[in-house]
Amino acid sequence: MIVGIIGSGSIGPDLAYGFISALGGSDENRLYLHDISAEALEAGVERIEGYMAKGLDRGKLSRKQVDRMKGVLVSTLDLDDLAECEFVLEAATEDLTIKQAILKDLEAVVGADCLIGFATSGIPRAVIAAGTTHPDRCFVNHPFFPAWRAQPIEVVLSGDETLSERMITTLKRLGKVPIVTTDVPCFAADDVFCNYTAEAARIFAEGVATPAQVDEIVNGAIGGGGPFNVLDLTGGNLLTAHCQVLMTEADTGSEWFEPPAILYEQADTPWHDRNEPGDPAHDEALGEKVLDRILAVLFARTMFVVDNGICDASDFNWLCANALGFRRGLLDLVAEYGMDRVHAICTAYAADNPGFEVPRSIASKEFPDFYRNLLVESDEGIATVTIRRPEVLNALNEQTMQELQAVFTGLEEDASVNGIILTSYDGSIAGADIMELAVLETPEAAADKCRRGHSVLDVIAGLSKPVVAAVNGPVLGGGSELAMACHARVVGQRLIAGQPEVNLGIIPGYGGTQRLPRLVGAEAALGMLRSGQPVGAEEACELGWATGEPADDIIAAARDLLTRHLAGEVTLTAVDSAPVAFPDPVPETDIGHRSLVIDSILVAAVREGLSRSLADGLEVEATAFSRCRETIDYDIGMTNFIQNGPRVPAAFMNE
């Protein structure tokens, strides 16, 4: 892929580093970083190389990776060098005249099929693209801070389905999670963010509270660091004022949106003096007063975005948590407070602030129904269920498991659906949420968690309609167990599948001790389970864990397999529930540093469970998992993983 970024100022180099990190070191990939200033270009390259150096020092990048990434990056003062680009992202400045001038020059250089994005915070796509030769290939691409690492990127599509699909696919390949919004001023996230920070500025300007107090109150309640802290990090005072003007002038604007003068007065000066930080101390009354004002704005603008279809509710909830830094999605926060209290907070604020709109859902106290962690689509009788938690490699927390059960129960009853593809945002499913396992306090709680997981996977396995898992990348632990509950699995070239639970001082708890041996044979399964070693795509297919051969397009391969099943050409079924012979003697396996006591529990669970039906074997597994919770090695494994990550072996005591 050949990509260009125009602008080597505040955001361009960060985007460039993120893109080359995603592209890797293929000789076919190039990223051109362009600026008209040699000084800015040099500074941008230095920043990118600084990121690489940090990655190298921290062990996140190898010297070989760094060298390859440097080979991908090309800095240039000549716009003509971007002639062969497949995608160019303009990230120069938030100025319409400059953006349109750059776009005019760029169109004279690139081919007619080159996609063009604008990294704007608030100017509508239609305004920027007005007068272009090929407006259908022009898109808003609004990234977030820090641009090299933040996954979300807001996208305003052009109306051309083919080019829009290419734009979404391109951004995904570049490591981003595209969130589609309609073409309104400030789109979705900045509607909330800029109104939220503008309200904080008003609070300070009115002498109600200091920046230190506001940040302490807000961060303590909902996270995100506090509005003034974020404005300092992003240099966002004048950008917020700019967006407020855009929203004031919009069809839905009013005097309430007008930017407070203090934003202009503050300009590029930080709100916080790091050498003399302000006193954040405050009493309960002030805390309540400030928080109610902030929450009124957050609640109202969130529901305005959803009520008006500016962004899908599920997308927007994920976007708020992952782009704006709050502890949870803002729709989740609305649900936590309840519509009665949200209504009271917003109507009280509206009474004191002319032009402030209380959205219809708050006025009627109606909360939207949506899935937090799943996307569900249907096309020609085949539904696709996508787990979307890319920030944690699509880990299966309790919320996700509950949603899976609800979705598959509904799809079983949906007469328009004949088959189902289960996948994830990028093909990976990391497994169960480790933090949820770490807080299980008793053996009974551990067993109950297993049983809840079993009930969800049993729904999938027991569906009368075929379910094919389409997976790629790391598919580990609970992710592998979820895939094995499906009626077939197709995999991509990047697959790494396995049951690494023994590294954490536990055994599989979502069926891995029982379904894996029934899929690949007891001897092969014991080796994988006891060593925690995963298999790649080719081996997964050879073992029978996956069907066919590794595919380049896992969704297309899954759809093809379902189509063949529905035509009677192949038969897809859940794992056979009959007992399976256990090898005697137990094959030797080098378990390395792993716990001997956990290994003993694991082998016993496999042995006993395979002598019974699958249903009874799963209960054996739940009981065995509860026994793990009684060991010291459970705590050691969990603590080690949380503190040191998966690469540092735990020092088990075998107790």
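Residues numbered from 1 in each chain as written. Predicted model: local features only at pLDDT ≥ 70, side-chain atom pairs only at ≥ 80, totals over all residues. Heavy atoms only, no water.

Trainee: Describe the overall build of the chain, with residues and values.
Mentor: The number of helices and strands found in the chain is 27 helices and 16 strands. Against the 2.2 N^0.38 benchmark of 26 Å for 655 residues, the chain shows a C-alpha radius of gyration of 27 Å, consistent with a compact globule. By its C-alpha atoms, the chain is 80 × 60 × 55 Å across when sized along the principal axes. The buried share of the chain, reckoned over its 655 residues, is 55%. Total accessible area on the chain is roughly 27000 Å²; 49% of this is exposed by carbon and sulfur atoms. (Helix = DSSP H or I, 4+ residues; strand = E, 2+ residues; numbered from the N terminus. Rg over C-alpha atoms; globule rule 2.2 N^0.38 Å. Buried < 20%, exposed > 50% of the residue type's maximum accessible area, 1.4 Å probe, protein only. Areas by Shrake-Rupley, 256 points an atom, 1.4 Å probe, with all protein chains shown as cover.)

Trainee: Which residues make up the packing of aromatic side chains, and what values do they have?
Mentor: Evaluation of the coordinates by the stated rule reveals 13 aromatic pairs. Residues Phe367 and Phe370 carry aromatic rings whose centres are separated by 6.2 Å and whose planes lie at 45° to one another, so their mutual orientation is tilted. Using a relative accessible area of 11% as the deciding quantity, one classes Phe370 as buried. Put simply, the rings of Trp256, Phe257, Tyr349 and Phe356 pair up and form one aromatic cluster. Over the ring of Phe370 we find Arg372, and its NZ or CZ is 4.2 Å from the ring centre. The ring centre of Trp545 lies 5.9 Å from the NZ or CZ of Arg489, which sits over that ring. (Phe/Tyr/Trp six-rings, centres within 6.5 Å; stacked < 30°, edge-to-face > 60°. Lys NZ or Arg CZ within 6 Å of the ring centre and 35° of its normal.)

Trainee: Quick rundown of the pattern of salt bridges? Include the residues and the values.
Mentor: For the coordinates displayed, the defined rule picks out 23 salt bridges. Residue Glu336 is joined to Arg328 by a salt bridge in which the shortest nitrogen-to-oxygen separation is 2.4 Å. For Glu336, a relative accessible area of 49% translates into the label partly exposed. Overall, Arg328 belongs to the partly exposed group, its relative accessible area being 36%. The residue Lys449 makes a salt bridge to Glu398 at a minimum N-O spacing of 3.0 Å. One end of the pair, Lys449, is in helix H19 (residues 443–461); the other, Glu398, is in helix H17 (residues 398–413), and 51 residues separate them in sequence. This pair shows no difference in class: Lys449 is buried, exactly as Glu398 is. One connected set of salt bridges, linked through shared partners, spans Glu199, Arg202, Glu206 and Arg293. (Salt bridge = Lys/Arg side-chain N within 4 Å of Asp/Glu carboxyl O.)

Trainee: Provide a residue-level description of the packing of helix H21 (residues 512–520) against helix H25 (residues 596–610), including the pertinent values.
Mentor: At a minimum axis distance of 9 Å, the contact between H21 and H25 shows a crossing angle of 65°. Remark: the crossing between H21 and H25 carries right-handed chirality. Listed contacts from H25 to Thr513, Gln514, Pro517 and Arg518 of H21 are Leu602, Ala605, Val606, Gly609 and Leu610. In terms of residue class, the contact of H21 with H25 is built from five nonpolar, three polar and one charged. (Axes fitted to C-alpha atoms, helices over the stretch in contact; angles between N-to-C directions. Left-handed = near helix turned anticlockwise from the far one by under 90°. Contact = heavy atoms within 4.5 Å. Nonpolar A, V, L, I, M, F, W, Y, C, P; charged D, E, K, R; others polar.)

Trainee: Break down the layout of surface pockets for me, citing the residues and quoting the values.
Mentor: Of the volumes computed, that of the second largest pocket is approximately 1100 Å³. In terms of lining, the second largest pocket is formed by 40 residues, of which the most central are Ile11, Pro143, Phe144, Phe145 and Thr234. The class makeup of the residues in the lining of the second largest pocket is 20 nonpolar, 13 polar and seven charged. (1 Å grid on protein atoms, 1.4 Å probe; cavity = no way out; pocket = protein on both sides within 12 Å on 5 of 7 lines; lining within 4 Å. Points joined across faces, edges and corners; volume = space filled by probe spheres on them.)

Trainee: For the environment of Glu265, give the residues involved together with the corresponding values.
Mentor: Its place among the elements puts Glu265 in helix H11 (residues 261–266). Spatially, the C-alpha atoms of Glu265 and Leu495 are 54 Å apart, while their sequence positions differ by 230 residues.

Trainee: Got a sec to walk through unusual backbone geometry? Specific residues and values, please.
Mentor: Residues Phe145 and Pro146 are joined by a peptide bond in cis, for which omega reads -10°. Looking at the element boundaries, Pro146 is found in the loop between strand E6 (138–143) and strand E7 (152–156). The amide bond that connects Asp584 to the next residue, Pro585, takes the cis arrangement and shows omega of 5°. As for its placement among the helices and strands, Pro585 is situated in the loop between helix H24 (554–566) and H25.

Trainee: Please give an account of the pairing of E7 that cites residues and values.
Mentor: Burial of E7 is extensive: five of the five residues sit out of reach of the surface. Covered by surrounding structure in E7 are Pro152, Glu154 and Val156 together with Ile153 and Val155, the residues of both alternating faces. The pairing of E6 with E7 spans four bridges and is antiparallel. Considered in E7, the bridge of His142 is made with Glu154. (Pairing = 2+ DSSP bridges.)

Trainee: A description of the nonpolar core should follow, citing residues and the corresponding values.
Mentor: Membership of the largest hydrophobic core comes to 92 residues, with the highest contact counts inside it found for Val290, Phe299 and Phe316. Excluding residues within four positions of it along the chain, Val290 makes contact with Ile203, Val208, Ala209, Val214 and Ile217. (Core = buried A, V, L, I, M, F, W, Y, C linked by side-chain atoms within 4.5 Å.)

Trainee: I'd like a rundown of the sheet that holds strand E16 (residues 535–536), residues and numbers included.
Mentor: Across the sheet, which stays open at both edges, the three strands sit in the order E13-E15-E16 with mixed pairing between neighbours. A single partner strand is all that each edge strand has here, and the edge strands are strand E13 (474–476) and E16. Here three bridges tie E13 to strand E15 (residues 496–498), and the two strands are oriented parallel to one another. Among the inter-strand pairings, Leu476 is bridged to a residue of E15, identified as Gly498. Here helix H20 (residues 478–485) sits on the sheet in contact with E13 and E15, set at roughly 85° to E13.

Trainee: Could you give an account of the sheet that holds strand E11 (residues 419–424), naming the residues involved and the relevant values?
Mentor: The strand order across the open sheet built from five strands is E9-E10-E11-E12-E14, with neighbouring strands paired in mixed fashion. If you trace the sheet from one side to the other, it starts and ends with strand E9 (374–379) and strand E14 (488–491), each paired once. Shown here is a sheet whose adjacent strand axes are inclined to one another by a mean of 20°, direction ignored. Direction of pairing for strand E12 (residues 467–471) relative to E14: parallel, over a ladder of four bridges. For Val471, the partnering residue across the bridge sits in E14 and is Val491. The strands touched by H17 are E9, strand E10 (382–387), E11 and E12; relative to E10, the strand with the most contacts, the crossing angle is about 175°.

Trainee: How would you explain the environment of Ala209 if you had to name every residue and give the values?
Mentor: Here Ala209 lies in the loop between helix H7 (189–205) and helix H8 (211–222). With 276 residues separating them in the primary sequence, Ala209 and Ala485 have C-alpha atoms 55 Å apart. Not counting chain neighbours up to four residues away, the residues in contact with Ala209 comprise Ile203, Phe204, Val214, Leu286 and Val290.

Trainee: Just give me the short version of the pairing of strand E8 (residues 177–180), but keep the residues and values in it.
Mentor: Of the pairings in the sheet, the one linking E7 to E8 comprises four bridges and is parallel in character. Bridge assignment links Pro152 to a residue of E8, and that residue is Val177. After leaving E7, the chain enters helix H6 (residues 161–173) and then returns to the sheet as E8, a path that is right-handed. (Right-handed = clockwise from strand over helix to strand, strands pointing away.)

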